[in-house]
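Structural overview
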Amino acid sequence: MTLWHDVRFALRALFKARGLSIAAILTLALGIGANTAIFSVVDAVLLRSLPFRRPAELVRVKAELRGLGSQNVGFSVPELEDLRDRAGIFESVAAVWPAPANLTGGERPERVDILGVSPNYFEILGAVPQIGRLFDSRDRAPGFAEAAVISDALWHRDFGGDPHVLGKQVRVDNDLYTIVGVLPPRFVDPGPGSDSRVDFWGTAGFRADPFPPPARKIRLLPEIIGRLKPGLSLSQANGQLQRLADALRRENEGGAYSAAAGWSISLVPIKQVVVGSSHTLLSSLLIAVGLILLIACVNVASLLLARASAREKEMAVRLALGASRARIVRQLLTESVVISLVAGALGLFTAMVAERTLVSWLPAQLPRVNQININSTVLLFSLGLAVATAMIFGVVPALQASRTKMEGLKQDGRSGENTLTTAKSRKLLVAVEVALSLTLVVAAGLLLRTFVDLMRVNPGFTAEKVMAANVWLPVPNDPKTDIYATPQQRGAFVREVLRKVQEIPGVHRAALSSALPLRTTQGAIGFRVEGQPEQGDAPTAVTVVVSPEFFDTMGATFVRGRMVQEQDNDKAPRVVLVDEAAARAFWRGADPVGRRIKLAQDIVVNGKLQSPPWMTVIGVVSNIKFNKLDEANVPHVYGNMYQVSGKLFNVIVKATGDPAALGHSIQAAVQSIDANLPVSELTPMSEVISDSLADRRFAVRLVGGFALLALMLAAIGVYGVSSYIVAQRTRELGIRAALGASSSDLLRLTLRDGMHPVLYGVVGGAIGALLVGRLISSLLFGSQLGDVPVFVLSAATLLLIGLAANYIPARRAAKVDPNLVLRCE
């Protein structure tokens, strides 16, 4: 017989059992649709190749000063040249200098993210322009060249997609650049974290203004990317790179690479940089949704087992007419494949409909979100999933039906032996289903407990009625034209901004800060403490520069000492405040007020390397969480904005009413001082806290939804098996009743037998939950892997569902009429 004959027969058989077929298809469609939707995200973020030429050869070079407690310290221009000329592992390398900038000259000033790069940057990535050209040898210059490349988004946003944009000039941080090319929409910079939103690329030699003169210890280049030579593995390249590092340390002994500094370099694949920490989150979701599909398969297998039991007479007749058992297995598997393919098509349609909602739930920091779609890879995955599920849920019923013995059939057309075997198989499936469901429910419980615990964490500040905005002071290529070059000029700007913002109606307090809690990721740097040995690893802390009003505005607690005063200006000795975590880390809990600290490494002042000054601790404040709510209490050192500040400011306002209503007024206040300064990222602090929990919220939503679906499927599965077994035991129960068994006896007997597979499943699920818990441990906070309340509550929920699902058939069994049963016999 042909395959087409099997398919036609399968369609007739499934149409004949329409109710069972529809239930199986809908159950599988849920599982396949959920898996397809999640896989489309995993494919875009983790699996799909980066849109660059031979992306496996692309790496990011990473440098650390471990002895000084500094990570990602960047590179100097001489180190860039060493990597290019002496490492022997790169086809080419390029410097990458990311920075914010102000785009002016249009209707209104605009904040853009820019990259200053080496001229060969686009060549390394294999980028091709949409129009115009990219950087080449014509654009080599000691400082910044005049040429600029812009993104497709900026081209459409500011130039309306004008094809004659080439040759037009734009002013960025007060410098004129000429547009020579536009990148295609698909191009994204391979930076860390979320999809790059870089809109402007300039090219520089990093040897002249606005950069200081090159020196080995002046590490002004934050990032370096490179393309490895073909055929060179990452481990081989890292080995050769270490030999270069050893040579540089020998050549510069006691200088930039002293033993105390602990300088080291290594390579990281570009894809690892782009994906970041999203691997754990998405892998965990894929496991969770895979469990849902397995539960759906178990349910469908249970349905088909019941149907196979009812078709034993049909199978016996086919065997009597000469059909082989292999032929029967093939026919039944064909029916399973038809069910799966229909369910797969329905699941794929469901995934396509749900894709927009799923993307809207994704955390903003997830990379490559704009590339999520149902492509050929996802279609093949969905097809493969449909075929695989057919094998998973179809094999056991098919084999069970093929074992039918003609001589063992009873009057009702069923084999007593097969009926018993089917009952045992369905009990085993119930145990598996309960185990899988408990695994999901525990995972959802742990994630929910984590989310609730994080919501209860004290961030160290009060978000209510607090609004934040961001301002960048321009860095022109010619330092002589920089009106914010000196600390005195920046200090005057700070005081004027605070005065103007404080005068806005509805503003209670205002402050400035170099970093915004839970938005600006800050790396720790090393410090030296006066009176302590300067040998060995330096203690580390995160540095934040704030105006004196910062702590009152943020609602932080002042512990002891004094606050910054008017006399603590740029001419006075440097003063700082530390938090309680820094006091414990630096002075082991002793009072730090009056003690002095300094940075562990030299600093660049006016293009020259200088020893850092000592700074006196004048006060202690409570801990504030800057990076993440689930971080430990990281030491922080707060610099005085009236003495030292950079070019990036966060304006923080405490409102008397709705803070969102102050956005336009804050912008007007800043631009009344300098009309060319855009104000960006106007955000209430409550929203900042909410955004910081986006990845946990996403995980709770999806895994929680999967857990509820698993509970529903488990309840249906337990009820179906219990009902089937009770129906098979009607004769036995009737005889027991005739011999004197009471209704309560029959109820207890049926409940006991029905709860056995549920109990076995709970035990197996507890083991599975421990294994899955280890996989999601990095997503947990407060909730430990062995969180007893979560495990107990989850197990109790499954037991109650199992009890309820078993009770209805058991109650029906307790009411069996022995006279009716005996008359039927």
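Here goes a summary of the coordinates provided. Keep in mind that what you see is a predicted model, and the values were worked out from it rather than measured.

This part takes up the packing of aromatic side chains. Enumeration over the complete set of coordinates arrives at 23 aromatic pairs. Aromatic side chains F626 and Y638 sit 6.2 Å apart centroid to centroid with 50° between the ring planes, which places their arrangement in the tilted category. Within this pair, whereas F626 is found in the loop between β20 (615-621) and β21 (636-640), its partner Y638 is found in strand β21, the two being separated by twelve residues in sequence. With respect to class, F626 is no different from Y638; both count as buried. For R495, the ring lying beneath its charged end belongs to Y642, and the centroid distance is 3.9 Å.

Counting across every chain of the model gives seven cavities of 30 Å³ or more. Those elements giving two or more residues to the lining of the largest cavity turn out to be α12 (416-456), α18 (694-728) and α20 (743-775). A total of five residues in the lining of the largest cavity trace back to one element, the largest contributor, which is α18. Grouping the amino acids of the lining of the largest cavity by side-chain chemistry returns seven nonpolar, four polar and three charged.

What the rule picks out here adds up to 35 salt bridges. The shortest N-O distance in the salt bridge between R562 and D568 comes to 2.9 Å. Taking the shortest distance from any N to any O, the salt bridge between D695 and R696 comes out at 3.8 Å. A residue is classified by how much of its surface remains accessible, and D695, at 21% relative accessible area, is partly exposed. Sharing partners across several salt bridges, the network here consists of R54, E57, E91 and R227.

Further remarks concern a nonpolar patch on the surface. Together, L341, L380, L383, V387, M391 and V395 line one region of the surface with nonpolar side chains, adding up to about 490 Å² of accessible area. At five residues, helix α11 (residues 376-402) tops the list of elements feeding residues into the nonpolar patch. Along the chain, the position of L380 falls in helix α11.

A separate point is helix α5 (residues 152-159). Every α-helix winds through 3.6 residues per turn, so residues three or four apart in the chain are directed the same way. When we look at burial in α5, the residues that qualify are D152, L154, W155 and F159. Projection of α5 onto a plane perpendicular to its axis shows the buried side chains occupying an angular sector of 165°, all on one side. Remark: G160 follows α5 within two positions and exhibits a positive phi of approximately 60°.

Among the secondary structure elements, N375 is positioned in the loop between α10 (325-361) and α11. Residue N375 is classed as buried on the basis of its relative accessible area, which comes to 19%. Polar side-chain contacts of N375 include one of 3.0 Å to the backbone nitrogen of V378.

Calculation criteria
- Residues numbered from 1 in each chain as written.
- Predicted model: local features only at pLDDT ≥ 70, side-chain atom pairs only at ≥ 80, totals over all residues.
- Heavy atoms only, no water.
- Phe/Tyr/Trp six-rings, centres within 6.5 Å; stacked < 30°, edge-to-face > 60°.
- Helix = DSSP H or I, 4+ residues; strand = E, 2+ residues; numbered from the N terminus.
- Buried < 20%, exposed > 50% of the residue type's maximum accessible area, 1.4 Å probe, protein only.
- Lys NZ or Arg CZ within 6 Å of the ring centre and 35° of its normal.
- 1 Å grid on protein atoms, 1.4 Å probe; cavity = no way out; pocket = protein on both sides within 12 Å on 5 of 7 lines; lining within 4 Å.
- Points joined across faces, edges and corners; volume = space filled by probe spheres on them.
- Nonpolar A, V, L, I, M, F, W, Y, C, P; charged D, E, K, R; others polar.
- Salt bridge = Lys/Arg side-chain N within 4 Å of Asp/Glu carboxyl O.
- Patch = residues over 30% accessible without salt bridge, like charges linked within 9 Å, V, L, I, M, F, W, Y side chains within 5 Å.
- Areas by Shrake-Rupley, 256 points an atom, 1.4 Å probe, with all protein chains shown as cover.
- Arc of directions from axis to C-beta.
- Polar contact = N/O pair within 3.5 Å; in protein donor to acceptor, adjacent residues only side chain to side chain.

Honestly, that's just the spatial picture; any functional story needs more than this.
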